[in-house]
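Descriptive structure summary
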Amino acid sequence: MLTRKEKIYEGKAKILYKTNDPMYLIQYFKDDATAFNAKKKGTIVNKGILNNQMSSFIFQFLEKNGVKTHFKEKLNDREMAVRALKIFPVEVVVRNCVAGSLAKRLGLEEGMALQQPILEFFYKSDPLDDPMISETAPVALGWMTQKEVEYVNQEVWKVNKLMTQFFDERGIDLIDYKLEFGKDAQGNIFLADEISPDGCRLWEKGTGEKLDKDRFRRDLGKVEESYEKVCRLICGTL
Ligand code: ADP
Ligand code: UDP
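Notes on the structure in this doc start here. Model, not experiment: these values are computed from the prediction.

On a plain count of helices and strands, the chain comes out with 6 helices and 14 strands. Against the compact-globule benchmark of 18 Å for 238 residues, the chain has a radius of gyration of 17 Å, which places it among compact chains. Taking the principal axes of the C-alpha coordinates as reference, the chain spans close to 50 × 40 × 35 Å. Burial statistics for the chain: of 238 residues in total, 48% are counted as buried. Counting only contacts in the chain whose residues sit at least 6 apart along the sequence, the fraction spanning at least 24 positions is 56%. On the chain, the mean spot of the 38 positive side-chain charges and the mean spot of the 37 negative ones are 2 Å from each other.

This is how it looks when you write it as structure tokens:
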């Protein structure tokens with residue numbers, strides 16, 4: 001049985017612990033919420049429990065459909081066992097519709113449809129505010145090989161096809177989201193981190209109601225209720 005050992009990292013939303021098995025870590029999901037590179041801080045009651053449940057469900061769905069993820073098992077309300085990886089310092093953002101920083105950068109209306117999804121890369125760096133980088137930067141900077149970039153790209157398109165359909169069937173438009181990938185000691189690449197309303201823009205079909213972290217970022221109210229609603233729509237239970 002996997003047992004929790006010492007803490008190795010505490011981030012803004014999660015804590016990572018070593019386990020008795022060097023192949024695996026435990027991700028503990030906190031209720032802490034941050035936005036604008038942690039300039040705004042708060043708590044979303046039970047967010048950790050909901051995000052653990054939603055992420056576990058989505059990782060299992062992706063695995064069933066041929067995506068290699070770091071997910072091993074959900075251990076309890078707030079903990080998930082995952083493969084220990086070296087995370088590429090790259091945040092991959094997939095956009096199925098205009099919103100957030102893209103709307104701001106290009107002076108476009110949020111909600112504008114796109115002819116095809118947009119893929120963007122950002123350097124995962126809190127001190128630098130996650131600056132945008134080009135698709136060729138990770139290889140040029142020695143973070144990834146060309147083959148690794150190509151593999152990640154291929155996985156992202158697979159994930160996007162599966163996830164847009166997954167949310168669509170549950171009455172939600174998947175507007176945009178962030179993915180992280182990492183590799184194990186053997187060089188195998190896995191989808192990592194979490195998939196939850198913290199890192200996805202999710203708009204309810206029909207009403208267009210925002211059901212994600214924008215409710216916290218933009219002080220829209222009903223934050224907890226929205227996370228609970230997404231959890232119900234995704235998992236069928238709370
Ligand atoms: P942040 O580091 O941005 O504050 P979190 O609070 O979510 O974010 O912390 C979780 C950290 O764990 C992230 O930095 C993420 O890249 C990292 N991580 C996610 N999955 C794994 C994994 N399987 N192995 C190692 N690190 C991981
Ligand atoms: N995102 C994230 N972490 C980040 C940056 C973005 O999870 O550090 C997610 C965000 O929730 C949204 C998508 O990636 O679903 C695109 O974010 P955007 O670039 O529009 O930035 P934002 O306006 O959210 O800061």
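Counted under the stated rule, the structure contains 33 salt bridges. We note a salt bridge from K40 to D219, for which the minimum N-O separation is 2.6 Å. Highlighted residues: K40 in strand β5 (residues 40-43) and D219 in the loop between α5 (214-217) and α6 (223-235), separated in sequence by 179 residues. When its relative accessible area of 18% is taken as the criterion, K40 is described as buried. Residue classification places D219 among the exposed positions, given a relative accessible area of 61%.

What follows covers the sheet that holds strand β6 (residues 71-76). Spatial strand order, β1-β2-β3-β7-β6: 5 strands in an open sheet with antiparallel pairing. A single partner strand is all that each edge strand has here, and the edge strands are β1 (4-10) and β6. Across this sheet, the average inter-strand angle for adjacent strands is 30°, counted without regard to direction. Both β6 and strand β7 (residues 79-83) contribute to a ladder of 4 bridges, which runs antiparallel. The partner of K74 across the bridge, within β7, is M80.

The biggest cluster of nonpolar side chains holds 49 residues, and the ones touching the most others in it are L62, M163, F167, L179, F181, L191 and I195. Of the residues forming this core, the biggest block, 8 residues, is contributed by helix α4 (residues 146-168). Discounting residues that sit within four places of it in the chain, L62 has contacts with V67, T69, V159, L162, M163, L191 and I195.

A few words on the side chain of T19. With respect to the helices and strands, T19 occurs in strand β2 (residues 14-19). Take T19: its relative accessible area is 9%, and that puts it in the buried class. Among the polar contacts made by the side chain of T19, one reaches the main-chain carbonyl oxygen of D21 at a distance of 2.8 Å. There is a polar contact of 2.8 Å between the side chain of T19 and the backbone oxygen of Y24. Residues within four places of T19 in sequence aside, it is in contact with L2, T3, K5, Y24, L25 and I26.

So, on to the environment of E79. Within the secondary structure, E79 is located in strand β7. Separated by 63 residues in the primary sequence, E79 and L16 place their C-alpha atoms 9.6 Å from one another. Side chain to side chain, E79 and R4 meet in a polar contact 2.5 Å long.

Close contacts around ligand 1 come from 17 residues, with Y9, K12, A13, K14 and E180 the closest. One of the backbone nitrogen or oxygen atoms of L85 is found 3.1 Å away from a nitrogen atom of ligand 1. Relative to its free-state accessible area of 550 Å², ligand 1 is covered by the protein chains to the extent of 90%. Residue assignment for the shell around ligand 1 shows that the elements contributing at least two residues are β2, β3 (24-29) and β7.

With that settled, consider the environment of C200. Inspection of the secondary structure assignment puts C200 in strand β14 (residues 200-204). Remark: the alpha-carbon pair of C200 and D212, spanning 12 residues in sequence, is separated by 6.7 Å. C200 has contacts with L174, D176, Y177, I195 and D212, leaving out every residue within four places of it along the chain.

So, how was this worked out
- Each residue is numbered by its place in its chain's sequence as written, counting from 1.
- Here chains are named by letter from A upward and ligands by number from 1 upward, in the order in which they appear as written.
- Residues qualify for local features only when their pLDDT is at least 70, as the model is predicted, and side-chain atom pairs are given and counted only at 80 or more; totals for whole chains, interfaces and linings, by contrast, use all residues.
- Side-chain metrics in this entry use all non-hydrogen atoms of the structure; hydrogen atoms and water are not considered.
- Per the convention used, a helix needs a DSSP run of H or I reaching at least four residues, while a strand needs a run of E reaching at least two, with both numbered from the N terminus.
- The atom set for the radius of gyration is the C-alpha atoms, and the globule formula is 2.2 Å times the number of residues raised to the power 0.38.
- Exposure is judged per residue with a 1.4 Å probe applied to protein chains only, and the accessible area is read against the type maximum: over 50% gives exposed, under 20% gives buried, and values in between give partly exposed.
- Between two residues, a contact is recorded if the distance between any of their heavy atoms is within 4.5 Å.
- In this tally Asp and Glu are treated as negative and Lys and Arg as positive; neither His nor the chain ends contributes.
- A single reference atom marks each charge: NZ on Lys, CZ on Arg, CG on Asp, CD on Glu.
- Salt bridges are identified by distance alone: a Lys or Arg side-chain nitrogen within 4 Å of an Asp or Glu carboxyl oxygen.
- For two strands to be treated as a pair, DSSP must find at least two bridges joining them.
- Note on geometry: axes are C-alpha line fits, over the in-contact stretch for helices, and angles between N-to-C directions span 0 to 180 degrees.
- To form a nonpolar core, buried Ala, Val, Leu, Ile, Met, Phe, Trp, Tyr and Cys residues must be joined to one another through side-chain atoms within 4.5 Å.
- Distance and chemistry together define a polar contact, namely a pair of N or O atoms within 3.5 Å, with one atom able to donate a hydrogen and the other to accept it when in protein, and with adjacent residues in sequence counting only for side-chain atoms on both sides.
- To be near a molecule or strand, a residue needs just one of its heavy atoms within 4 Å of it.
- Here the accessible surface of atoms and residues is derived via Shrake-Rupley with a 1.4 Å probe, and residues count as covered only by protein chains that are part of the display.

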